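The lines below spell out each chain.
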Amino acid sequence: MYVVIEPSADRRGLHLVDADERGHPTGERDVSWDAALEVLRDRDATGVRWVFAHTAELYPRLIDSGVRLGRSHDLALCRSILRRSTETPDGGLSSLPADSWDAAWTSSGDDGSLTGFADLAEPGERPDAVAELQRQCEAVAASRAPSRLRRLLAAESCGAMIACEIRHDGLPWRRDVHERILREALGPRPVFGGRPVVLEELANGIRVALGAPSLNPDSHTELLRALRAASIPVDSTSKWELQRHDHPAVEPLLRYKSLSRLMTANGWAWLDEWVRDGRFRPEYVVAGVVTGRWATDGGGALQLPTQIRPAVIADDGWTFVIADAAQLEPRIVAAMASDTAMAAAGHGKDLYQGLVDAGTVDTRDHAKVAMLGALYGATTGESARLMPRLVRAYPRATGLVEAAARAGERGEQVTTWLGRSSPLPPDSWSAAVRAGAQVSATPAQERAARGAARDWGRFTRNFVAQGTAAEWALCWMAELRHRLFSLVDGDQHPHLVYFLHDELVIHAPEQSADFVADAVRDAAEAAGRGLFGDFPIDFPLDVAVTRCYADA
DNA sequence: TAATCTGGCCAC
DNA sequence: AAACGTGGCCAGATTA
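Residues numbered from 1 in each chain as written. Chains lettered and ligands numbered in written order. Predicted model: local features only at pLDDT ≥ 70, side-chain atom pairs only at ≥ 80, totals over all residues. Heavy atoms only, no water.

An unreviewed UniProt entry lists chain A under the name DNA-directed DNA polymerase, with Paramicrobacterium agarici given as the organism. The record in UniProt for chain A states the following under Catalytic activity (unreviewed entry): "DNA(n) + a 2'-deoxyribonucleoside 5'-triphosphate = DNA(n+1) + diphosphate". (UniProt positions renumbered as here; feature names shortened; annotations may be inferred.)

So this is what it looks like as C-alpha cells:
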C-alpha cells in the first residue's frame, strides 16, 4: 500500500519501508542505486503509494535515472495541510507541538541535494518518516472528511512530482526568437551592460521634454520631482496616472517603462540565467501560496508576459496542446454552493455569456466585472453597482462567498472544498480589532479596526474560491498525468511542460495531439466529478493545438 | 556594505 | 479605468 522511500543510511542507495494503509510498517529493505530503477518500476506497477519526506529531495534523481512514479504522498506538504485544517480538529495534528515536519527543507550538500529540515532537526538527523506517516493516516481517519482529505493529499503530492517533472523536461524555448524580440524592441544587446540604444534615446526624449537633463527615469524619486517641476500634477509615476495627462513627456515615458520592464524582467540577463539547451526550467514552489496555488522561486514562470511568448515553440515534429479552464472560479463557487441556477448558466460554454442569456446582466463585460467583484469583494465602482443583480439571481453562490467574508471579519478560519484551511489572522490583527471595539476607542482606532476586519474578510472570501480552484487544477493535472502515462513510448511521449493556475501546456508529438486534447478534456471532466460528484457543473476548456504558445 | 523596504507592473 | 483577491521580481531608496 505505502512504501516509504528515503536515502539509505550509507547514502549509497535507497531505504524502502513497506507499510499498510494505517502506516504501520510490514517490512523493509535497502536497494542500491543500480538496482533501484528496476525495483521501483516493479513496485510502482502494483499501484503502491510512494511516501517521500520531501519529494524534491529524491524524486529528481529518480527522474534522472529514468523512473517516473505513479502515486505518492509528500509528508512535508501533507503535514502542512493537516496541521491547519479545520477538518482535523483536536486529536489530529493541530495540537501537536511544532516539530521538524513543520519546518522548511533546507538545501545543503555540494551537489545541491536536500539533506534535512531547517531549524528544528539536529544536523544529520532525519525525522522519522514512518512515525509521521502513521500520525497523518490517523489524523485523516479521525477527521470529519477523510475521503476529501485523502483526495487533497494525493493531488497535492502528485503536484510535487509534476513540479519536478516539469523542471526536468523544461518548457521549449527558442533563444533566437527571444533575442530577435529583444533586438527589435530595444536594439542590440549592450556589450558592457547599460541601456540599449532605444532606451537611451527614449530617456533623452524624456529629459528634454521635462527639462531635466540629468534625470534617471528608473528613479521614482527623481522622476516624480521632474514631473511636478514640469507642472504635471501626479501623485505617483504609475502608467495609469501618467496616461491621463497630455504632455510631450508622457508618450516616451510610457514607452520607456514598457521597454524597460521587458529588459529587466525578461531581457538578455534572464535568457542567460534561465534558458539552457532550448529549455526554460521553472522553479515551482508547490503550495507556495496560502490558498494552495503554486508559487515560483526564481525565473518568474507564473508571470511570463505575452510579449515573449512567441519564443515558446515546440520541437520539430512536436506541437503544444494548450488548455485553460474557462471561468474556473465562478464554476467552483457555483458547485460548492450547489447553485444550480449559476451552474446552468455555465452549462457547456461561456458562463459570463450565460449570465447575460439568463437576463441577470446586459453584457458579457458586466457579467465578468460583477462576478470578479463578488469573488474579490469589490465595494465601489461598477462592480459594486452590479452586485445586487447577481445576489438576487444567484443567492446561493454569492451567499457562499459572503459567508466566507463574514467569517474572516470575525477572525475565523475558512476551508476549501477538500479541506485546506486559511490561516488565523496574526495577533496584530486581533489586537487592532479589539482596540477598535473598546468603548474608549478613538475614531481612528474604530476606522482601523473596521478596515482590518474587512481586509481579512476579503482574503477569506477569495480563499475559498481560489483555494478550491487550485484543488480542482491539481486534480485535473493528476488525472491528465495518469492518462499521458498510458501513452509512454520511449522518449516520444507527451509531457506537461507548463502550469499556470488554470492553464496547462503539454508538449506532444504531432501525431498524438488529438489523443492529448481528448485526454485533457477527459481529465477536466474527471476532476469535476471527483470533487463534486453528480452535481451538474461543467468545466469546459479552451483547447488549442499549436506549435507556438503565443498563438493560443 | 548588506539587508530590507517601496513603488511599479507582470501573471492568474 | 480603478479597486477588489493571490503572488514574483526588479531597481532604487532607506535602514541597520
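Student: Teacher, can you tell me more about the protein's contact with DNA strand B here?
Tutor: Inspection of the region around DNA strand B gives 17 residues, with Thr-237, Lys-239, Arg-261, Arg-293 and Asp-502 positioned closest. When the atoms of DNA strand B within 4 Å of the protein are sorted by group, sugar and phosphate make up 86%. A distance of 2.6 Å separates a phosphate oxygen of DNA strand B from a polar atom in the backbone of Thr-237. Here a phosphate oxygen of DNA strand B sits 3.4 Å away from a polar atom, N or O, in the main chain of Thr-306. Split into classes, the residues belonging to the surface near DNA strand B amount to four nonpolar, seven polar and six charged. (Near = heavy atom within 4 Å. Polar contact = N/O pair within 3.5 Å; in protein donor to acceptor, adjacent residues only side chain to side chain. Nonpolar A, V, L, I, M, F, W, Y, C, P; charged D, E, K, R; others polar.)

Student: I keep staring at the environment of Arg-521 and nothing clicks. Help me out?
Tutor: Among the structural elements, Arg-521 can be located in helix 20 (residues 513–532). Between the C-alpha atoms of Arg-521 and Ile-537, which are 16 residues apart in sequence, the distance is 14 Å. Beyond its immediate chain neighbours, meaning those up to four positions away, Arg-521 contacts Leu-541 and Val-543. (Helix = DSSP H or I, 4+ residues; strand = E, 2+ residues; numbered from the N terminus. Contact = heavy atoms within 4.5 Å.)

Student: Any chance you could explain the pairing of strand 2 (residues 13–19) here in plain terms?
Tutor: Burial analysis of strand 2 places six of its seven residues in the buried class, the great majority of the element. Bridge count between strand 1 (residues 2–7) and strand 2: six bridges; the pairing is antiparallel. Each bridged residue has a counterpart across the sheet, and for Ile-5 the counterpart in strand 2 is Leu-16. Where strand 1 folds back onto strand 2 in an antiparallel hairpin, the turn is made up of five residues, including Arg-11, whose phi is positive at roughly 65°. Bridge analysis of strand 2 against strand 3 (residues 25–32) gives seven bridges, and the strand direction is antiparallel. Across the sheet, the residue bridging to Ala-19 is Pro-25, located in strand 3. Two successive antiparallel strands, strand 2 and strand 3, enclose a turn made up of five residues, where Gly-23 displays a positive phi of approximately 85°. (Buried < 20%, exposed > 50% of the residue type's maximum accessible area, 1.4 Å probe, protein only. Pairing = 2+ DSSP bridges.)

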